[in-house]
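Given next are the chains, with one letter for each unit.
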Amino acid sequence: MRRILGGFILMFGLTALLGQPALAEKRVALVIGISKYQSVPRLVNPARDADAMRALFRQAGFDVIESGRDLGISDLRRSIRQFSDISRDADISVVYYAGHGIEVDGTNYLVPADAKLVSDFDVEDETLSLDRVLRALDGAKRLKLVILDACRDNPFAKTMKRSVSTRSIGRGLAKIEPSMSDTLVAFAAKAGAVANDGDGENSPFASALVKYIAEPGLDLRLAFGRVRDDVLKSTAYRQEPFVYGSLGGETVSLVPQKSKPVDPEAAARTDYELAAQIGTRQAWDSFLAAHGSGLYADLARAQTSKLIAAEQMRTRADDARRDAEAQAARKAEDFRNQLEEQAARQTSDAKQKISEQARKELDEARRQVAEHAKKQLEEAKRQVEIARQDAEAARRQVEEAKRQAVADAQKLVEQAKREAALERDKIAALSPPANAPGTAVVPTAPPMDQADIARLLQAHLKRVGCDPGNVDGSWNDASKGALEQFNKNAQAKLNVQVASLDALDQVRSKTERVCPLACKKGQRADGDRCIQIGCDSGSFLNSSGACEKKPEAAARPQSATRREPAAREPAARRPASGGGGGKCFTFSGKTYCE
């Protein structure tokens, strides 16, 4: 009982440790959208794209969200400088820019609203380099992310004067390799390509970003992969987003995975199932010592009451049986005394009669007494049989009460599982919609009885190479031995005495053979099956299961008289003895003679 109580306390401790919330990270974002350019035609979507991204970061729970709209060069530089201070102690820092971008001599620049760019000499004065934006994120500890929806066709390239004829002005943005660790730079289109501004409310790139990058627990590399696939599909494969930079081996997501709700009755339910499998008062008392209140405590008290009632019924049945046996013994003793007394009286009377008639009467009296005694004895036996049948009926009632109590406990366990599943479904209804990517509705498993669990566990043990014998739902010694082999080869510590759901889940999770393949003598392992060992010509398989060279045939003695050679017959049809008088024997289809 102390061991069971200690297990309950350990489960409570693990539940408390697992229920501790993770430390929150500081996440900051800067969102810039420039639509109203003063020297070139305005863009429609950047302002709306910036609003969508700002709402996305706010919904994702970012601590600081700075934003700028239609900024000139001075305001753009000031925003980047101020955001650099904010990012210094942040864990995740994100900059989103939607507007025009330009590449000159392999360097990428963000173009503000008041840029004129009459000459390529004005680029350094009227624009902001991407390198300066990356330096502003240098203080972030875990992730530095820059998202540029700025690969649109450059309208300044047609009117811009070249101060140096060899200076190049590219189409789209140039490829970049960030020098800082844990840094990603995402382009709406890969280097040298032009992004589509789109005909909808937002650009194809912004629409895909809103769908995927803030999904809880989704790694950014997978998120941007889904963004790429979405944009390719929506643009008929004309635009392919691209991500530059690298991250470490851990999962990095903008929104952490939501922790699963803690079920306060989870430990109690597990302990209740264990107590229900044991089905004794000691098990229920141990459960109530660890769980004094709650639904499962009430159910345990009900089961204890049923067991007490069954024990009381068994006690009453035993008392009734003992009373019946004592009553039958008293009747038999009284009957023997009556026989002895009557026999003594009759003997005394017979001694007084000396005539033949007296002797006849004495014999008749003895016969009658014997018949009466026989009837009394048979009646006593019948009473004893009735008492035994009553005791047997009482015993069957006790067994039926115990079986019904165990069945009721099992039904209550299944009902509790279904109610827990319904509760999880209700909680899941409060989570993101079912059509959100990466989510799936888990159907409630139907209840299984112990024989079904044993049969499934035997089938999966046989699948992983641990032979349990017959797959018939009977948890016998062969099944226990198979689970013991699984524990040994899989370094598991499952209880082999009972077919449990924990054992079924752990064995079912193995996709390959666990127990080694044992072949019979004369066979060898070939993958997951045993094949017969084949020997080369001139060798045979000996009793140890190994190939051995065949013995050489003894020389046949020459006959004194010459005979005409007989026609050769197949070896299988030759006689067992030769014509020279020596002994012959057949081995491996060949005949040898001394």
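Just so we're clear, the structure is a prediction, and the values are computed from it rather than from any experiment. Residue positions are given per chain, counting from 1 as you read along its sequence in written order. Confidence filtering applies because this is a predicted model: local features only for residues at pLDDT of at least 70, side-chain atom pairs given and counted only at 80 or more, and all residues used for totals across whole chains, interfaces and linings. Water and hydrogen atoms play no part in the side-chain values, which are based on all heavy atoms of the structure.

Side note on the nonpolar core
Link 1 in the chain: Core analysis: the largest hydrophobic core is formed by 79 residues, its most contacted members being Ile213 and Leu254.
Link 2 in the chain: In terms of residue count, the dominant contributor to this core is strand E3 (residues 92–98) (six residues).
Link 3 in the chain: Throughout, a residue-residue contact means that at least one pair of heavy atoms, one from each residue, lies within 4.5 Å. Residues in contact with Leu254, not counting those within four places in the same chain, are Arg27, Phe57, Phe62, Ile92, Val94, Leu143, Leu145, Ile213 and Leu220.
Link 4 in the chain: Among the buried residues, those of types Ala, Val, Leu, Ile, Met, Phe, Trp, Tyr and Cys that are joined through side-chain atoms within 4.5 Å form a nonpolar core. When accessible area is computed with a 1.4 Å probe and restricted to protein chains, residues below 20% of their type maximum are described as buried, those above 50% as exposed, and intermediate ones as partly exposed. Counting residues in each nonpolar core, the second largest holds 20 residues, with Ile453, Ala454, Ala482 and Val507 among its members. The way it works is that DSSP assigns letters per residue, a run of H or I at least four long becomes a helix, a run of E at least two long becomes a strand, and they are numbered from the N terminus.

Observations concerning helix H14 (residues 501–508)
Link 1 in the chain: Among all positions of H14, only Ala503, Leu504 and Val507 are buried. Down the axis, H14 shows its buried residues gathered within 100° of arc, on one side only.
Link 2 in the chain: For H14, the secondary structure elements touched by its buried residues are helix H12 (450–463) and helix H13 (477–490). The arc under discussion is defined with respect to the helix axis, by the directions toward the C-beta atoms.

A closer look at the sheet that holds strand E2 (residues 64–69)
Link 1 in the chain: For two strands to be treated as a pair, DSSP must find at least two bridges joining them. Reading across the sheet, the six strands line up as E2-E1-E3-E7-E8-E9 and stay open at both edges, with mixed pairing between neighbours. Two strands lie at the open edges of the sheet, namely E2 and strand E9 (242–246), each paired on one side alone. Neighbour to neighbour, the strand axes of the sheet diverge by 10° on average, direction disregarded.
Link 2 in the chain: For strand E1 (residues 27–33) and E2, the ladder comprises six bridges, and the chain directions are parallel. Angles here are taken between N-to-C directions and fall from 0 to 180 degrees, while the axes themselves are lines fitted to C-alpha atoms, restricted in helices to the stretch in contact.

So, the packing of aromatic side chains
Link 1 in the chain: Each Phe, Tyr or Trp ring, with Trp reduced to its six-membered ring, pairs with another whose centre is within 6.5 Å; inter-plane angles below 30 degrees give stacked pairs, above 60 give edge-to-face pairs, and intermediate values give tilted ones. As enumerated under the stated definition, the model contains seven aromatic pairs in all.
Link 2 in the chain: On the basis of an interplanar angle of 55° and a centroid distance of 5.5 Å, the ring pair of Tyr272 and Tyr296 is categorised as tilted. Taken together, the residues span a long stretch of sequence, with Tyr272 in helix H8 (residues 266–278) and Tyr296 in helix H10 (residues 295–352) at a distance of 24 residues. This pair shows no difference in class: Tyr272 is buried, exactly as Tyr296 is.
Link 3 in the chain: Taken together, Tyr272, Trp284, Phe287 and Tyr296 form an aromatic cluster joined through their ring pairs.

Some details on H12
Link 1 in the chain: Between its terminal C-alpha atoms H12 stretches 20 Å, which fits the 20 Å expected from 14 residues at 1.5 Å a residue.
Link 2 in the chain: Within H12, the full set of buried residues consists of Ile453, Ala454, Leu457, Gln458, His460 and Leu461.
Link 3 in the chain: Buried residues along H12 sit against H13 and H14.
Link 4 in the chain: Backbone geometry just after H12 places Gly465 at a positive phi near 95°. The length a helix should cover is 1.5 Å for every residue beyond the first.

Points about the sheet that holds strand E4 (residues 101–104)
Link 1 in the chain: Pairing is antiparallel across the open sheet formed by three strands, whose spatial order is E4-E5-E6. Since the sheet does not close on itself, it has two edges, and those belong to E4 and strand E6 (128–129), each with one partner.
Link 2 in the chain: Inspection of the sheet shows strand E5 (residues 107–110) paired to E6 by two bridges, in the antiparallel sense. Pairing of Leu110 across the sheet is with Leu128, part of E6.

As for the packing of helix H6 (residues 204–212) against helix H7 (residues 220–234)
Link 1 in the chain: Interhelical geometry of H6 versus H7 gives an angle of 140° and a closest axis separation of 9 Å. Considering their axes alone, H6 and H7 lie oblique with respect to each other. For the pair H6 and H7, the crossing hand works out as right-handed. Counting all contacts with H6, which are made through Pro204, Phe205, Ala208, Leu209, Lys211 and Tyr212, the residues of H7 involved are Ala223, Phe224, Arg226, Val227, Asp230, Val231 and Ser234.
Link 2 in the chain: Three categories are distinguished: nonpolar for Ala, Val, Leu, Ile, Met, Phe, Trp, Tyr, Cys and Pro, charged for Asp, Glu, Lys and Arg, and polar for the others, with Gly belonging to the last. Across the contact of H6 with H7, the residue classes break down as nine nonpolar, one polar and three charged. Between 65 and 115 degrees an angle is taken as roughly perpendicular, under 35 as roughly parallel, over 145 as roughly antiparallel, and anywhere else as oblique. We call a crossing left-handed when the near helix sits turned anticlockwise from the far one by less than a right angle, and right-handed when that turn is clockwise.

Observations concerning the confidence of the model for the protein chain
Link 1 in the chain: On a range of 0 to 100, pLDDT expresses the predictor's confidence in each residue. Of the residues in the protein chain, 81% reach a pLDDT of 70 or more, and the chain-wide mean stands at 82.
Link 2 in the chain: Here residues 1–22 is modelled with pLDDT under 50, and outside its nearest four sequence neighbours on either side it reaches 19 contacts, counting other chains as well.
Link 3 in the chain: Here residues 559–580 scores under 50 on pLDDT; set against residues more than four positions off or in separate chains, the count is 14 contacts.

Some points on the pattern of salt bridges
Pairing is possible between side chains that carry opposite charge, provided their charged atoms lie close to one another.
Link 1 in the chain: Salt bridges are defined by distance alone: a side-chain nitrogen of Lys or Arg within 4 Å of a carboxyl oxygen of Asp or Glu. One pass over the structure, following the stated rule, counts 27 salt bridges.
Link 2 in the chain: Across the pair Arg88 and Asp85 runs a salt bridge, and its minimum N-O distance is 3.0 Å.
Link 3 in the chain: Accessibility expressed as a relative area gives 53% for Arg88, which makes it exposed.
Link 4 in the chain: By relative accessible area, which is 43% here, Asp85 ends up partly exposed.
Link 5 in the chain: Residues Asp319 and Arg322 are paired through a salt bridge, measuring 2.2 Å at the closest nitrogen-oxygen approach. Residue Asp319 and its partner Arg322 are both found in helix H10; the two are separated by three residues, about one turn of the helix.
Link 6 in the chain: The network of salt bridges with common partners includes Lys190, Arg228, Asp229 and Glu240.

Here's the deal with the state of the cysteines
Note on terminology: a disulfide is the covalent bond linking the sulfur atoms of two cysteines.
Link 1 in the chain: In what follows, a disulfide is any cysteine sulfur pair within 2.5 Å. The final tally for this structure, using the stated rule, is three disulfides.
Link 2 in the chain: Each disulfide pairs two cysteine sulfurs, and for Cys466 the partner residue is Cys515, the sulfurs being separated by 1.8 Å. An S-S torsion of about 85° defines the bridge between Cys466 and Cys515 as right-handed. Residue Cys466 is located in the loop between H12 and H13, and its partner Cys515 is located in the loop between H14 and strand E10 (523–526); the two are separated by 49 residues in the primary sequence. We note that Cys466, like Cys515, is buried.
Link 3 in the chain: Sulfur-sulfur distance for the disulfide between Cys519 and Cys530 comes to 2.0 Å.

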